[in-house]
Every structure is written in structure tokens, then in C-alpha cells.
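# Structural description and commentary
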Amino acid sequence: MAENETVEQAIPILRVKDAEAALSWYARLGFAKQWEHRFEPGFPLFVEVARGPVRLFLSEHEGDARPDGVIYLRVRDVDAIAAEFGAAVEEAEWGAREIELRDPDGNRLRIGTPAA
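Here we summarise the structure given alongside this text. (Residues numbered from 1 in each chain as written. Predicted model: local features only at pLDDT ≥ 70, side-chain atom pairs only at ≥ 80, totals over all residues. Heavy atoms only, no water.)

### So, the overall build of the protein
Filter applied, for reference: The secondary structure listing takes helices from DSSP runs of H or I that are at least 4 residues long and strands from runs of E that are at least 2 residues long, numbered from the N terminus. Exposure classes here rest on a 1.4 Å probe applied to the protein chains alone. A residue is buried below 20% of its type maximum, exposed above 50%, and partly exposed in between. Contacts are residue-level and defined by heavy atoms, with any inter-residue pair within 4.5 Å sufficient. A 1.4 Å probe and the Shrake-Rupley method give the accessible areas. Residues count as covered only by the protein chains that appear here. His residues and chain termini do not enter the charge count, which takes Lys and Arg as positive and Asp and Glu as negative. Each charge is placed at NZ for Lys, CZ for Arg, CG for Asp and CD for Glu.
Along the backbone of the protein there are 2 helices and 8 strands. Reading the secondary structure of the protein in the N-to-C direction produces β-α-β-β-β-β-α-β-β-β. In terms of principal-axis extent, the alpha carbons of the protein reach across some 45 × 40 × 20 Å. Counting only residues that meet the buried cut, the protein has 38% of its 116 residues in that class. Counted over contacts in the protein with a minimum sequence separation of 6, partners at least 24 positions apart contribute 50%. Accessible area for the protein stands at about 7,500 Å²; split by element, carbon and sulfur atoms hold 48% of it. Looking at charge distribution, the protein has the averaged site of its 14 positive side-chain charges lying 3 Å from that of its 22 negative ones.

### Here's the deal with the pairing of strand 7 (residues 96-102)
Which entries qualify depends on this criterion: Should DSSP find at least two bridges between two strands, the strands are taken to pair.
Across 3 bridges, the pairing between strand 6 (residues 90-92) and strand 7 is antiparallel. Residue pairing for strand 7: A92 is matched across the bridge by A96. Between strand 6 and strand 7, which follow one another and run antiparallel, lie 3 residues, and G95 among them has a positive phi close to 90°. Across 7 bridges, strand 7 lies against strand 8 (residues 108-114) in antiparallel orientation. Looking at strand 8, one finds that L101 is bridged to L109. Taken together, strand 7 and the strand that follows it, strand 8, pair antiparallel across an intervening segment of 5 residues, in which G106 is found at a positive phi of about 90°.

### A word on the sheet that holds strand 1 (residues 13-15)
As a reminder of what qualifies: Each axis is a line fitted through C-alpha atoms, and for a helix only the stretch in contact is used; angles between axes span 0 to 180 degrees, taken between their N-to-C directions.
What the 4 strands build is an open sheet, ordered 1-4-3-2; its pairing is mixed. The sheet terminates laterally at strand 1 and strand 2 (32-37), the two strands that pair on one side only. Here the strands of the sheet are splayed against their neighbours by 25° on average, with no regard to which way each runs. Pairing of strand 3 (residues 46-51) with strand 4 (residues 54-59) involves 6 bridges; the strand directions are antiparallel. Pairing of E48 across the sheet is with F57, part of strand 4. Docked against the sheet, helix 1 (residues 19-28) engages strand 1, strand 2, strand 3 and strand 4, running at close to 155° with respect to strand 4.

So this is what it looks like as C-alpha cells:
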């Protein structure tokens, strides 16, 4: 890809109260901080995290997103994530193995691997 080409993608924004605390929780899912922005000290923090090609924005800005939203992450190995969080994997009737987690701010993450 040429240096000036932009990859088009949708990036969900999740509302968090404490972005630093959220970063620790999302790190357990394999996400790493890419960058952060704050207009000035004491203002809300806005952070991008990535897990491979998957990106999420975590925002302390009250108007950016509502708590209790849900996103779906398709991953290669839901069992490894389930083990990390002590969650039971369920067989979904649509042919996926899934778990549902809630981050510290109540955002729901459904995480699944297509059934073999």
C-alpha cells in the first residue's frame, strides 16, 4: 500500500470513565494502545487501541458514546480469551462459539470464533 493511501474501516467508540483503567482491561484481550489525545491537562482522554487490524476508540468524552453498548469481535481463539476471563464458552445456534464480557464501564463485548 502506498504511503498516502488510507484504509477504510469502521472504528467503534466506547465510552469509558477512566481510560487508563480501561487500557489495562483491554490489554487482557490483546489490545495495545496506539495513541492518545487530550486537549489539555485535566480534560477527557481519547485513546485508540488495536489488536491486529481491529481498532477501538476509548473515550472519556461524555457525548461520544453511551455506556452499555455492544460490539462483536470475531477472533481466532475464543477459548484463550474465555480462559483469561474465566468465562464459559457457549455454542451459538448460528454456528459460532461465543462468550460475552462487560468491560469496567459496562460496555458489552460479544466475542466469538466460527465453529469448525
